[in-house]
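Below are the chains, spelled out letter by letter.
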Amino acid sequence: MLLDENAGHHQDDELVPAAEPHAGHAPLDAAAETQADLSAEIQAIGDAYRRALKDGAAPEIQPRLDFAPYRSSILRHPTKSLHHADPETIELYSPAFGHQDVHALESDLTIQHNGEPQGERIIVQGRVLDGDGRPVAGQLVEIWQANAAGRYIHKRDQHPAPLDPNFTGVGRCITGPDGSYRFTTIKPGAYPWKNHLNAWRPAHIHFSLFGTDFTQRIVTQMYFPGDQLFPLDPIYQSIVDQDARDRLVATYDHDLTSPEWALGYNWDIVLSGSKRTWTENEAFGDAGDEE
Amino acid sequence: MSKLTPTPGQTVGPFFGYALPFDKDNELLAPGSAGSIRLQGTVYDGAGEPIPDAILEIWQPDSEGNVVQRTGSLVRDGYTFTGWGRAAVGNTGVFTFTTVNPGPTEPLPGKPAAAPFISVAVFARGLMNRLFTRIYLPENEEALAADPLLSSLDPERRSTLIARRDADGGLTWDLRLQGENETVFLDFEGASQ
Ligand SMILES: [Fe+2]
């Protein structure tokens with residue numbers, strides 16, 4: 001994919017800033033609900049969870065699908081519980097990706113245009129592992145993010161923060177034999193959204209990951225340590241367990257920080273345990289056709 | 001080795017549209033090529049309204065039931081069937097894939113055969129974590145009746161996983177995140193293997 005080409009078209013056609021640059025400073029929509037209202041809801045759900053934990057409930061490790069403080073989820077979560085199923089053959093494999101699919105340069109989000117993007121240059125690296133700690137090698141990792149000012153190159157993001165002509169905010173890579181990935185990018189800014197009045201997302205990078213099995217497919221978000229917006233954010237707080245939430249927060253790593261160049265963050269991703277536990281080669285013959 | 005706890009998922013959010021879609025992402029086969037069919041449907045919310053900001057992925061065997069492990073999904077050459085595709089819905093909630101009818105895969109050792117299906121992962125703004133489901137072909141009542149998943153569901157719910165065959169040979173399958181005829185979504189964790 002030629003990122004430059006994409007970004008150029010979008011900027012021309014659809015991504016022009018709102019005609020009135022200050023329009024966004026007016027109160028947003030009819031979002032009369034305040035942060036205090038939302039924080040009270042979040043607090044009540046969290047308190048109930050912590051009481052349940054004390055009474056012996058198992059810790060929750062995923063976000064709640066039904067989490068009303070994120071208003072858009074109200075009509076978009078299944079009301080029936082997920083149906084337990086044994087994975088079938090196809091679900092115990094994942095699509096194969098390789099260097100044919102992804103150019104090595106796609107992991108550097110700071111070189112996709114003619115100039116350097118604005119902001120704090122960072123390196124984000126880590127490993128993709130399965131539930132037994134085994135590396136997920138040769139798999140696709142995709143990321144997308146806002147620029148340093150908190151603005152996405154997306155037509156639906158029209159809030160009055162500047163686009164950066166030198167930053168698209170999309171990257172990809174293929175994990176190494178040890179499950180490792182590494183991106184060079186800039187630290188995204190926090191950005192406002194219209195869930196309620198004065199709603200701001202903590203800075204984050206969206207991650208899309210594949211495992212060895214399609215059942216391990218996840219999309220998630222990586223956050224930065226110490227963000228003051230964590231307690232206020234319905235999306236982060238949809239994971240009600242503190243230990244589970246912490247798993248989305250990268251660690252600052254001074255050894256990864258590159259002198260005169262970029263700050264380093266480490267973030268490992270563990271995919272769900274469901275995976276091929278039998279040897280596929282015994283059962284089906286060698287299905288491998290790597291590249 | 002001790003089990004590691006999985007990293008939680010999070011919503012795909014509203015701004016995936018410039019990042020996840022790519023050229024020919026929904027064309028597992030070139031449209032119009034021999035054996036290709038159209039798979040289409042609409043994604044609805046709990047109010048029965050189509051939602052404009054969902055993105056679906058499908059993963060399936062080829063028409064013979066072989067699990068394909070070929071690279072090239074992101075840079076399609078027009079000839080290689082990789083078994084995987086991605087489609088963002090349009091403004092009216094409609095998604096479209098060009099693919100093949102999946103064949104029956106070899107059953108897992110010691111397990112009954114599954115009826116042919118397409119595996120689906122669903123992402124949307126407002127959906128906190130991805131959901132998994134399946135699209136079964138409507139033909140072969142016997143295979144459907146014997147399928148381990150379908151036979152474990154009420155008839156009413158079971159029908160949400162079975163596509164309709166269109167006059168042109170294609171498949172139509174709608175996805176309902178909530179409410180009447182809510183699609184059956186799957187949980188593979190803790191399932192016996
Ligand atoms: Fe975001």
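This one's a predicted model, so the numbers in the text were calculated from it and none came from an experiment. (Residues numbered from 1 in each chain as written. Chains lettered and ligands numbered in written order. Predicted model: local features only at pLDDT ≥ 70, side-chain atom pairs only at ≥ 80, totals over all residues. Heavy atoms only, no water.)

(A) Geometry of helix α2 (residues 35–54) of chain A. Residues and elements named next belong to chain A. Taking 1.5 Å per residue, 20 residues should reach 28 Å; α2 reaches 28 Å between its end C-alpha atoms and fits that length. Here α2 has its buried residues at Gln35, Leu38, Ile42, Gly46 and Tyr49. Seen from one end, α2 has its buried residues packed into an arc of 70°, which puts them on one side. With respect to the buried face of α2, the exposed residues turned more than 90 degrees away are Ala36, Arg51 and Lys54. Residues of α2 that are buried in the fold lie against β7 (199–201) and α3 (234–237). Of the residues flanking the end of α2, it is Gly56, one or two places downstream, whose phi is positive at about 100°. (Helix = DSSP H or I, 4+ residues; strand = E, 2+ residues; numbered from the N terminus. Expected span 1.5 Å × (residues − 1). Buried < 20%, exposed > 50% of the residue type's maximum accessible area, 1.4 Å probe, protein only. Arc of directions from axis to C-beta. Contact = heavy atoms within 4.5 Å.)

(B) Quick look at the interface of chain A and chain B. On the side of chain B, 78 residues touch chain A, which itself brings 91 residues to the contact. Summed over both sides, the interface of chain A with chain B buries roughly 8,000 Å², with 58% coming from carbon and sulfur. Applying the counting criterion to the chain A and chain B interface returns five salt bridges. Ionic pairing is found between A:Glu91 and B:Arg134, a salt bridge with its closest N-O pair at 2.7 Å. Elements represented by at least two residues in the side of chain A that touches chain B include exactly β1 (83–84), β3 (140–145), β4 (170–174), β8 (204–209), β9 (218–223), α3, β12 (269–270) and α5 (280–284) of chain A. (Buried area = accessible area lost by both parts, 1.4 Å probe. Salt bridge = Lys/Arg side-chain N within 4 Å of Asp/Glu carboxyl O.)

(C) Molecular detail of the coordination of the iron ion. Residues and elements named next belong to chain A. Those donors, Tyr152 (OH), Tyr191 (OH), His204 (NE2) and His206 (NE2), are the protein atoms that reach the iron ion, and they lie 2.0 to 2.2 Å from it. Coordination at the iron ion is irregular: its four donor atoms span angles of 92 to 155° at the metal. The motif formed by the donor residues of the iron ion, counted along the single chain, is Y-x38-Y-x12-H-x1-H. Judged by its relative accessible area of 1%, His204 falls in the buried class. A relative accessible area of 2% places His206 in the buried class. (Donors = N, O, S within 2.8 Å, 3.2 Å for Na, K, Ca; no water. Tetrahedral: all angles 85-135°; square planar, octahedral: opposite > 155°, others 65-115°.)

(D) Structural detail: the sheet that holds β4(A). All names here are of chain A. One open sheet holds the four strands; their spatial order is β4-β3-β8-β9, and the pairing between them is antiparallel. Strands at the two margins of the open sheet, each flanked by one partner only, are β4 and β9. Adjacent strand axes in the sheet meet at a mean angle of 20°, parallel and antiparallel pairs treated alike. Summarising the sheet, β8 and β9 pair through six bridges and their orientation is antiparallel. Note on β9: the bridge partner recorded for His206 is Gln221. (Pairing = 2+ DSSP bridges. Axes fitted to C-alpha atoms, helices over the stretch in contact; angles between N-to-C directions.)

(E) Seen up close, the layout of surface pockets. Its boundaries defined by the atoms lining it, the second largest pocket holds a volume of some 500 Å³. A:Gln62, A:Leu82, B:Asn129, B:Asp187 and B:Glu189 are, among the 22 residues lining the second largest pocket, the residues nearest its centre. For the lining of the second largest pocket, the secondary-structure elements that each account for two or more residues are β6 (131–136) and β10 (186–187) of chain B. A breakdown of the residues in the lining of the second largest pocket according to their chemical character gives 12 nonpolar, five polar and five charged. (1 Å grid on protein atoms, 1.4 Å probe; cavity = no way out; pocket = protein on both sides within 12 Å on 5 of 7 lines; lining within 4 Å. Points joined across faces, edges and corners; volume = space filled by probe spheres on them. Nonpolar A, V, L, I, M, F, W, Y, C, P; charged D, E, K, R; others polar.)

(F) Local environment of the nonpolar core. Counting residues in each nonpolar core, the largest one holds 71 residues, and the members touching the most others are A:Tyr181 and A:Phe207. Counting residues per element, this core draws most heavily on strand β5 (residues 117–124) of chain B, at four residues. If we ignore the near neighbours within four places in the chain, the residues touching A:Tyr181 are A:Val124, A:Gln125, A:Gly126, A:Arg127, A:Val128, A:Val141, A:Cys173, A:Phe207, A:Trp267 and A:Ile269. A:Phe97, A:Phe210, B:Val12 and B:Ile55 belong to the second-largest nonpolar core, a separate cluster that totals 44 residues. (Core = buried A, V, L, I, M, F, W, Y, C linked by side-chain atoms within 4.5 Å.)

(G) Examining the environment of A:Trp144 more closely. Residue position: A:Trp144 is located in strand β3. It is 35 Å that separates the C-alpha atoms of A:Trp144 and A:Ala57, two residues lying 87 residues apart in sequence.

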